[in-house]
Every structure is written in structure tokens, then in C-alpha cells.
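One letter stands for each residue in the lines below.
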Amino acid sequence: SVVKPTRTSRFTLNIKTPNVGQSLLESLAGLDKTIERLRVLIQKPFQNPEVFLALGVKPPKGVVIYGPPGVGKTVLATALAKESGLNVISLYGPSVISKVVGESSKAISSVFRLARDTAPCIILIDQIETIANRRASHSQGSGEQAHSFDRVLSTLLTEMDGVDILSQSSSKEEDGKFSDSIIILATTSHPHHLDPAILRPGRLDQHIFIPAPSSSQRVSILSKKCSQMKLSRDCKDRIPIIGAQLEGFSGADIANLCQEAALAALREDIEAEEVRLKHFQKALDCCRGSLVGWVARHPGGT
Ligand SMILES: Nc1ncnc2c1ncn2[C@@H]1O[C@H](COP(=O)(O)OP(=O)(O)OP(=O)(O)O)[C@@H](O)[C@H]1O
Ligand SMILES: [Mg+2]
């Protein structure tokens, strides 16, 4: 049965809501390999604990999904966390940061307390760079603010290390099911802003990169988005060509392009029954790929 999320000001707890991840996952295209890698990390240890125990492997403590904006990091992390069937605590980085000194640290501590009470569980941290910023990089803030940021980071580090100490000493570890595991699943589009301490082994040590979509991935994403629209025949046939042309478009940009094409059709005829090639051409005239600069700086996609 689905329990409604408990809302507090700073985070959301979803008590075991399997299957809701499915439709979210199905909305993504071109990420199959990444999905498989993430499933091995955050789902398989709980589905087949004996296999992992036999090899002496534990579930990871922390996974960070990084890559440029709009490539599906948040959707993917949310979908996989939900699909796992574990309890999920969701944190949105920017909303954890409070102007009141000490409040953010308290919020982090209460999240971990809740996590220990509801383990095995996943703590989803979206835009983690906002709470795990490099110590030196907030020198622009006032002394007190910078100090407060440092406190948030050290609380996060201490809590993450605490998880390990607890699970080593606890008797539950012997139950062969990783029932006291807490996995942190974080996303960021600014990995270089993260404090190196948080990326060390035993913390967020699994790094999953999602680059700007390749030509074939763009075709898959465009096909998926178009499968929800009524397209004219000539337009359908051109999807592979249009998709390949969209260098520098993220998944979010492609979704936006489809939206603009549909709007162009409706502007022409409010009772339009299908989207035609010319509507895509109009949309292409006004939509730009937000990752053009990123692609230029990362030839080869890395
Ligand atoms: N591979 C994809 N397949 C289908 N849709 C995608 C894909 N990537 C992105 N999208 C679309 O882009 C939207 C934004 O994705 P999401 O918020 O997960 O991006 P993000 O990587 O978290 O970006 P940011 O770094 O800005 O937070 C999604 O709702 C989805 O419609
Ligand atoms: Mg995001």
C-alpha cells in the first residue's frame, strides 16, 4: 500500500512506494546502460544479498550522478530510488540551506536520524553541491555565513561516517540482508564545486557521469517525446534526421523543442490535428541547445 509522503519544511519521506518509479523510468530514453549500472549499485544488493555477501561486497554508501544540466539526473535518481522499494528520504539541496545559523546542520542530522530509523533506506540529495560546497569557495559570504556552510558540510561528513561505524558494530549486519544500509544518492551539475572530502572512498565514492546526449541518444529521446504527440507522416520519417542535427541539445531542450513545435501547430490552427515538419522547423528557429558550449568544451563527451 502507498503511504502518503510526510512533508516537513526541508525534506520528504516516502515510505516504500515501489512501482511509482516505473513510469518515471519509462519517460527516459537513451540511458539504459546508466540505469543498469545504478541498479547494480542500489537495487541488486537488496534483491540478491547472498550474491553480494559471497563476494564480500556491501551496498555502496554513496553514489553521485553528475553531468551537465537537463540530461535527466534528477528524474533518473528519483525513479531508481522509488523503483528500489526501499524507503526514500528526499532532500533538495537549496532548500536545506537556511539563513539561520545552525538550522541547516540540524536538518541534516534529523534526516540521518530518520534514515537510521527507517533503514534500509535511500537518502536522495538533489543538487548536493549546494550543501557540500568546497570549504574555500564561499569566501564571498560573511565570516559567519562561511562558517555556517562549513558546519553543514562537516555535519554531513560526520553523519556519513557515522553510518559506517554503526553498521560495523551492529548485530543486524549479520542478518545477511543489509537491513541497516543507508545509501546516499546525490545529483549535481557542478561536481567541481563539491568538497573533495565528500568524494573520498567510503563516502560518495561511486561516480556516475551522464554526458550531453550523443546523436543516437538524441534520436531516442526525440522518438520518445514524439511518441506522445500526433505527428504527420513526413515528420515521423524525419525524426532520425532531426535528432541527429540537435547537437548541444539536452533531454530537457528536446522536450522543449517538441512543446514548441506543438504550440506552433496550434498557433497556426487551434484545431490542428497533427504536428508537421514545418512546425518543427519553426521551433528549431527559436530553440537553442543549452549544451552547445558544454559540448565544445568536452569533445568526445567527457
Ligand atoms: N534521457 C532523457 N530522456 C527523456 N527525457 C529527458 C532525458 N533527459 C532529460 N529529459 C527531460 O528533461 C527534463 C529535465 O530532466 P532533469 O530535471 O532530470 O535534468 P537534470 O539533469 O537533473 O538537470 P539539472 O542539472 O538542471 O538539475 C525531464 O523532465 C525530461 O523531460
Ligand atoms: Mg536536477
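Residues numbered from 1 in each chain as written. Chains lettered and ligands numbered in written order. Predicted model: local features only at pLDDT ≥ 70, side-chain atom pairs only at ≥ 80, totals over all residues. Heavy atoms only, no water.

As recorded in an unreviewed UniProt entry, the chain goes by the name AAA+ ATPase domain-containing protein, listed as coming from Amorphochlora amoebiformis. Annotation of the chain in UniProt includes, under Sequence similarities (unreviewed entry), the sentence "Belongs to the AAA ATPase family." (UniProt positions renumbered as here; feature names shortened; annotations may be inferred.)

Student: How do you make sense of the site of ligand 1 when you look at a structure like this?
Tutor: Ligand 1 sits among 16 residues. The nearest are A29, G70, K73, T74 and V75. Contact distances for ligand 1 include 2.9 Å between a nitrogen atom and a backbone N or O atom of A29. Between ligand 1 and G70 there is a distance of 2.8 Å, counted from an oxygen atom to a backbone nitrogen or oxygen. Here ligand 1 has 640 Å² of accessible area as a free molecule, and 78% of this is covered by the chains. If you map ligand 1 onto the pockets, it falls in the largest pocket. Those elements that provide at least two residues to the shell around ligand 1 are α5 (73–83), α9 (215–226) and α11 (251–268). A total of three residues in the shell around ligand 1 trace back to one element, the largest contributor, which is α5. Here the residues of the shell around ligand 1 are counted per class, giving eight nonpolar, six polar and two charged. Split by domain, the residues of the shell around ligand 1 number at least three in each of domain 1 (6–209) and domain 2 (215–301). (Near = heavy atom within 4 Å. Polar contact = N/O pair within 3.5 Å; in protein donor to acceptor, adjacent residues only side chain to side chain. Areas by Shrake-Rupley, 256 points an atom, 1.4 Å probe, with all protein chains shown as cover. 1 Å grid on protein atoms, 1.4 Å probe; cavity = no way out; pocket = protein on both sides within 12 Å on 5 of 7 lines; lining within 4 Å. Sits in = over half its atoms within 2 Å of the grid points. Helix = DSSP H or I, 4+ residues; strand = E, 2+ residues; numbered from the N terminus. Nonpolar A, V, L, I, M, F, W, Y, C, P; charged D, E, K, R; others polar. Domains from an automatic or database assignment.)

Student: When you look at the pairing of strand β6 (residues 182–188) in this model, what are you seeing that I'm missing?
Tutor: Burial of β6 is extensive: seven of the seven residues sit out of reach of the surface. Side chains of β6 alternate between two faces, with I182, I184, A186 and T188 and I183, L185 and T187 buried alike. Pairing geometry for strand β3 (residues 62–66) and β6, over five bridges, is parallel. In the strand pairing of β6, V63 is matched with L185. In this structure, strand β5 (residues 121–126) lies alongside β6, joined through five bridges in parallel fashion. The partner of I123 across the bridge, within β6, is I184. (Buried < 20%, exposed > 50% of the residue type's maximum accessible area, 1.4 Å probe, protein only. Pairing = 2+ DSSP bridges.)

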